[in-house]
Amino acid sequence: MAIEKIQAIRGMSDMLPEDAPLWHFFEKEASSLAKLYGYQHIRTPIVEQTRLFKRGIGEVTDIVEKEMYSFVDSLNGDELSLRPENTASVVRACIEHNLLYEGPKRLWYMGPMFRHERPQRGRYRQFHQFGMEAMGFKGPDTDAEQLLMLNRLWKRLGIAPVRLELNCLGQLEDRKAYREVLIKYFEAHKDVLDEDATRRLYSNPLRILDTKNPDMQDLVNNAPKLYDSLSEESKQFLADLEAILKAEGIDYVVNPRLVRGLDYYNLTVFEWVTDKLGAQGTICGGGRYDPLIGMLGGRDAPACGFAMGIERVLELMKECGVKPESRECDVYVVWDKALYLNALSAAERLRDADIAAIIHSGSMKFGNQMKRADASGALYALVIGADEAAAGHDSPAGFVLLHKGPDGQSVLHRAQGEQARAVQAGQRRLEGLCPRGEKEFVVGLCKGLPGGQVLSRHGLGRRVNGGDLVAHPHVDAEAVPKALRGLESELLPVLDDPANVVGQAAVGIGDEARALQHHDLRLLVQ
């Protein structure tokens, strides 16, 4: 009888290697942006006490009523929940560890959240959020800064423009007055209210404004506006925020129906919305939550923040054609017969220089190895053959490896004999991968560099012989007028001006022979 396969839980997805480049690109851009604005990283447990979310989010909310993964700890009877969002957890951590004692804090987080919703595109039961919380900051300038930050992030991710929608919920007294007006309005139209709206009429009537029921749209569109119940102070807060956004050229619309689904918000609420993801068009939401720290037992302090669903943002990036560069390694090591130790030594020296390297495993046919090298997306393939290994430690014989040419196609050639030994103009030779531990990079034959000149620092250099250019990670920048981009710019600087190249050599065998190009890599082992 066949063994039953175990499947992932519905609504909880695996991140596969093919998805990793997009995730890594997002994570890098988001975390670097947080650093750019002075935010510090914080991590909180995935499991918290259930009462944290009931008190912070609100008991009469969809999250607490329908969506939380809650359970009783069988060992001690504690009521626990997987976190459905992270703001309450961050505030709990700040209170518990007295983080605001020395002054306001800017914090960011990234991690998994859990809600028992109906899975669909952009909505999952385990999902990931990136968020920021600014605690101890009172004015609208902090709200505006977070919106400016998000606008910058969309541009970095290649998904701009995204529509910004704003509203002002006012303070608690404002909402109490509006609540009475709203209840009277909806009581006069009870026949139009659906089951959810009827249930919320007296417990949380503002949430009725956020209904998606098409039969209720005319009713909520004609409902009294919250803005009319705001105090002058609340109206001024919104006006000041709008003035900053206009001064910075941030487009937005004021949406009087925007209330958000959490009870702790006051004053500013906002969402960033796209039309490219269907019903799940909100990719980020947030606002000000001045009451929350006091609600959770801390000393009253103003705060604002936001969170975005990373999966939704990645879906939007795909829709916008964002495809980050992806490769398994920088160098793919191809080797012959019993030369594994030679290949391993070369790969380890590459890794010593922070160059990602993979040693081929599997079929030893040369053609198959080269196909795998090309499929890996590596910038270079390093070929170690019997001729190269037989040359011994005292011979400069080595191997030529190949680089993706200007047309993007991989050049797969190997040189033999004198072609493998002579360093010719236009060719780059790397001597850093040898048992003796030399760290110089010898690149090309160039004009204007007299023999004997030292072009390096920190004791890692060597004298230039016959016009060779010596460089390494600590090379004096002034010694190399213009370096190539990418891996070369970090480790293999060369003169990029063709006028500085004295000549060219041929490499290859038979029909594969061709002229050496400026971007070819010559790698020697000793």
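Asker: I'd like to hear about the pattern of salt bridges, residue by residue, with values.
Answerer: Taken as a whole and assessed by the stated rule, the structure comprises 22 salt bridges. Among the ionic pairs, D196 bridges to R199, the shortest N-O distance being 3.1 Å. With D196 and R199 both in helix α7 (residues 195-200), this residue pair falls 3 residues apart, about one helical turn. Exposure remark for R199: the relative accessible area of 34% places this residue in the partly exposed category. The network of salt bridges with shared partners includes E65, K66, D196 and R199.

Asker: Provide a residue-level description of unusual backbone geometry, including the pertinent values.
Answerer: A negative phi angle characterises most non-glycine residues, just as the trans form characterises most peptide bonds. Phi is positive for L267, close to 55°, though the residue is something other than glycine. Tracing the sequence through the fold places L267 in strand β9 (residues 266-273).

Asker: For the nonpolar core, give the residues involved together with the corresponding values.
Answerer: Within the largest apolar cluster, 51 residues are counted, with the highest numbers of intra-cluster contacts made by M135, F186 and L209. Looking at this core element by element, the count peaks at 5 residues for helix α4 (residues 87-96). Non-local contacts of M135, meaning those with residues more than four positions away in its chain, are made with V90, V91, C94, L100, P104, K105, L107, Y289, I293, P302 and A303. In this structure, L147, V162, Y252 and W272 belong to the second largest nonpolar core, which totals 42 residues.

Asker: Could you give me a rundown of the sheet that holds β9, with the residues and numbers involved?
Answerer: Pairing is mixed across the open sheet formed by 8 strands, whose spatial order is β1-β5-β6-β11-β10-β9-β7-β8. The open sheet terminates on both sides in strands that have one partner only, identified here as β1 (40-41) and β8 (253-254). Looking at chain direction, strand β5 (residues 105-114) and strand β6 (residues 126-135) are connected through 10 bridges and run antiparallel. The residue bridging K105 from the neighbouring strand is M135, located in β6.

Asker: With reference to specific residues and values, describe the sheet that holds strand β3 (residues 70-72).
Answerer: If you walk across this open sheet you meet the 3 strands as β2-β4-β3, and the pairing is antiparallel. Edge positions in the sheet fall to β2 (47-49) and β3, since each has one partner strand and no second. Recorded for the sheet is a direction-independent mean angle of 35° between the axes of neighbouring strands. Pairing between β3 and strand β4 (residues 79-82): 3 bridges, direction antiparallel. Residue pairing in the sheet places V72 in a bridge with E79 of β4. Contacts between helix α2 (residues 50-57) and the sheet are confined to β2, β3 and β4, with β2 contributing the most and set at about 70° to the helix.

Asker: I'd like to hear about helix α1 (residues 20-36), residue by residue, with values.
Answerer: Its 17 residues give α1 an end-to-end C-alpha distance of 24 Å, which sits within 8% of 24 Å, the value for a rise of 1.5 Å per residue. Within the span of α1, buried status applies to A20, P21, L22, W23, F26, E29, A30, L33 and A34. On its buried face, α1 is in contact with β5, β6, α5 (140-157), β11 (303-309) and α11 (310-319). The first or second residue beyond α1 is G38, which carries a positive phi of 80°.

Thresholds, definitions, all that
- Residues numbered from 1 in each chain as written.
- Predicted model: local features only at pLDDT ≥ 70, side-chain atom pairs only at ≥ 80, totals over all residues.
- Heavy atoms only, no water.
- Salt bridge = Lys/Arg side-chain N within 4 Å of Asp/Glu carboxyl O.
- Helix = DSSP H or I, 4+ residues; strand = E, 2+ residues; numbered from the N terminus.
- Buried < 20%, exposed > 50% of the residue type's maximum accessible area, 1.4 Å probe, protein only.
- Core = buried A, V, L, I, M, F, W, Y, C linked by side-chain atoms within 4.5 Å.
- Contact = heavy atoms within 4.5 Å.
- Pairing = 2+ DSSP bridges.
- Axes fitted to C-alpha atoms, helices over the stretch in contact; angles between N-to-C directions.
- Expected span 1.5 Å × (residues − 1).

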